[in-house]
Amino acid sequence: MQWRPLLFSTFNSYHETLFLFMSNRYIPHTDEDIRAMLEKIGVNTVDDLFADIPSEVIFREEYDIPSAMSEIELRRHFKELGEKNRSLTIFAGNGVYDHYAPSVIPHLLERSEFYTAYTPYQPEISQGTLQYIFEYQSMISELTGLESTNASMYDGATSAAEALFMMVASAKKRNKVLLSDTLPPHVLKVAETYARFHGIEVAWIPEKEGVTDKEAMARLLEGGDVAGVLLAQPNRYGIIEDQEGVADTIHAAKGLMAMYVDPSALAVLRSPGEWGADIACGDGQSLGMPMQFGGPYLGFLSCRQSLIRKMPGRVVGATTDASGKRCYVLTLQAREQHIRREKATSNICSNQSLMALYATIYLSLMGENGLREVNILAADGAHYLYNRLIESGKFHPVFDKPFLKEFVVATDLDIEKVNSHLLEHGIMGGIEIAPGRLMFAVTEKRTKEEIDQLITLMLEA
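Description of the structure in this document. What you see is a predicted model; the values in this text were computed from it and never measured.

Quick notes on the rules
- Residues numbered from 1 in each chain as written.
- Predicted model: local features only at pLDDT ≥ 70, side-chain atom pairs only at ≥ 80, totals over all residues.
- Heavy atoms only, no water.
- Axes fitted to C-alpha atoms, helices over the stretch in contact; angles between N-to-C directions.
- Helix = DSSP H or I, 4+ residues; strand = E, 2+ residues; numbered from the N terminus.
- Parallel < 35°, antiparallel > 145°, perpendicular 65-115°, else oblique.
- Left-handed = near helix turned anticlockwise from the far one by under 90°.
- Contact = heavy atoms within 4.5 Å.
- Nonpolar A, V, L, I, M, F, W, Y, C, P; charged D, E, K, R; others polar.
- Patch = residues over 30% accessible without salt bridge, like charges linked within 9 Å, V, L, I, M, F, W, Y side chains within 5 Å.
- Areas by Shrake-Rupley, 256 points an atom, 1.4 Å probe, with all protein chains shown as cover.
- Salt bridge = Lys/Arg side-chain N within 4 Å of Asp/Glu carboxyl O.
- Pairing = 2+ DSSP bridges.
- Polar contact = N/O pair within 3.5 Å; in protein donor to acceptor, adjacent residues only side chain to side chain.
- Phe/Tyr/Trp six-rings, centres within 6.5 Å; stacked < 30°, edge-to-face > 60°.
- Buried < 20%, exposed > 50% of the residue type's maximum accessible area, 1.4 Å probe, protein only.
- Lys NZ or Arg CZ within 6 Å of the ring centre and 35° of its normal.
- Expected span 1.5 Å × (residues − 1).

What follows deals with the packing of helix H12 (residues 415-424) against helix H13 (residues 448-460). At a minimum axis separation of 9 Å, H12 and H13 run at an interaxial angle of 130°. By the angle between their axes, H12 is oblique relative to H13. Read as a crossing pair, H12 and H13 show a hand that is right-handed. Two secondary-structure elements touch here, H12 through Val-418, His-421 and Leu-422 and H13 through Leu-454, Leu-457, Met-458 and Glu-460. Broken down by class, the residue content of the contact of H12 with H13 amounts to five nonpolar, one polar and one charged.

The following block contains the structure:
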């Protein structure tokens, strides 16, 4: 039988794509195929397809592509490249943390049915994927203390931006949001960018002694034009902020309260729901995900049940099939890319369910007691390091506030010199967040011996 090259055919939905694979993985086009396609498009050459690209940015030299290698040569080559990497002992945080991950996670995560799974529109063949998404939602909701969770967002910063959209969409003729200056800097920048291009007005709540200035927030709310407020817990300095009464103040001004939180820390801290928040968002990286040069990570978004129709992303619900057996399905799909496109709160359609699966496996393995122990060990290590640094006389307190696993100290030492000395000994030290101010993070992976070595090397420098 003679097969004609077929790249793809699109049916009623753009999600339904039929791929025809022959015995060869790649299907080349003949000159006749190319001429027929160009004629159909209405151009003369393939180069005409790229006419809008400025000629000065087009690379016209020979590509420096190495010669082909055999399998054993290729394995040896990548082994040599891998040996150039250094495995450091990490005392840096600032939103990304070196937490322990049980070794079974990658073995389960890399199964082909998870790696290749697409958004599960057809529940009759996607029960496995739908079930773990449902379980992920249930676990995150338990941590945040809010009834509904989506699955899921790209990362913490974009989940914060989506929280702003939710607050504005839920408000009546209010287009202003308040952001605390104690939010992580990268979250502030992304949220501000998203807000600007969606026509949302942003006002900033200043910090006072390392925490959100509640009096300043109350004054900003007096205008009666605020849709919602986004706060942090713990904040950019690792401080655990006291949010007592904040929700009442915001709700009295007819606004919504959102909190950007560390999900791992919620095992030992009061949940956003307990603080009276309406929305919780954040990054799931602290749930055992490797630091991995910045991703992929996992943004989560939870809210009160009354706001679920304003929440973007996927929501999986439990129901029963025709036989009365428990099963899972996607719910509330009409909000985005289907019938309400231009009216949707957000047009986020994809979900990072692979990373949601990562979080699900991690939380299942750690359990309530394990996650609590992670935080207890981290807190013990962080306070031990903090006390040793202050006792040395070379470091001084900056904020007299409670912290969990991350803190800031001041020093007159040459921070660049100190961190270079640490790197020479395989240690990534604290992050200089301002001149003379260092922020350290300690997770359950750091031992007393590693902390003592850090202090010794810093004082040597």
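On we go.
Before going further, it helps to examine a nonpolar patch on the surface. A cluster of nonpolar side chains, Ile-41, Val-46, Leu-49, Phe-50, Ile-53, Val-57 and Ile-58, forms an exposed patch at the surface whose accessible area comes to about 610 Å². In this fold, Ile-53 is placed in the loop between helix H1 (31-41) and helix H2 (71-82).

Turning our eyes to something else, we now look at the sheet that holds strand S15 (residues 395-397). Taken together, four strands build an open sheet; the order of strands is S15-S16-S19-S18 and the sheet is antiparallel. Strands at the two margins of the open sheet, each flanked by one partner only, are S15 and strand S18 (431-434). Within the sheet, the average angular offset between the axes of one strand and its neighbour, ignoring direction, is 45°. Where S18 meets strand S19 (residues 437-441), three bridges bridge the pair, whose relative direction is antiparallel. In the strand pairing of S19, Ala-434 is matched with Arg-437.

Strand order in the open sheet formed by seven strands is S4-S12-S11-S10-S9-S5-S6, and the pairing between neighbours is mixed. Two strands bound the open sheet, and with one partner strand each, they are strand S4 (148-149) and strand S6 (201-205). By the bridge criterion, five bridges tie strand S5 (residues 176-180) to S6 in an arrangement that is parallel. Across the sheet, residue Leu-178 finds its bridge partner in S6, namely Ala-203.

For Gln-285, the position within the fold is in the loop between strand S11 (279-283) and strand S12 (299-303). Within the structure, Gln-285 has its side chain in polar contact with the backbone oxygen of Met-289 (distance 2.8 Å). With residues up to four places along the chain from it excluded, the contact list for Gln-285 reads Gly-95, Val-96, Tyr-97, Pro-290, Met-291 and Tyr-297.

For the structure shown, the criterion picks out nine aromatic pairs. Centroid distance Phe-134 to Tyr-328: 5.1 Å. Interplanar angle 50°. Geometry classified as tilted. Residue Phe-134 is found in helix H5 (residues 127-144), and its partner Tyr-328 is found in strand S14 (residues 326-331); the two are separated by 194 residues along the sequence. Given the relative accessible area of 9%, Tyr-328 is considered buried. Grouped by ring-pair contacts, the aromatic residues Tyr-386, Phe-403, Phe-407 and Phe-440 constitute a single cluster. A cation sits over an aromatic face here: Arg-270 above Trp-275, 3.9 Å from the ring centre.

Here we take up the pattern of salt bridges. Summed over all chains, the structure comprises 13 salt bridges. A salt bridge links Asp-262 to Lys-405, with the shortest nitrogen-to-oxygen separation between them at 2.8 Å. Taken together, the positions of Asp-262 in the loop between strand S10 (256-261) and helix H10 (272-275) and Lys-405 in the loop between S15 and strand S16 (406-411) put the pair 143 residues apart, joining distant regions of the chain. Like Asp-262, the residue Lys-405 is buried in the burial classification. Overlapping salt bridges, with partners in common, bring together Asp-98, Lys-445, Arg-446 and Glu-450 in one network.

A few words on helix H6 (residues 156-170). Between its terminal C-alpha atoms H6 stretches 21 Å, which fits the 21 Å expected from 15 residues at 1.5 Å a residue. The buried fraction of H6 amounts to 13 of the 15 residues, a majority that puts the element mostly inside the structure. Measuring from the side-chain oxygen of the N-cap residue of H6 to the backbone nitrogen of Ala-157 gives 3.4 Å; that N-cap residue is Asp-155.

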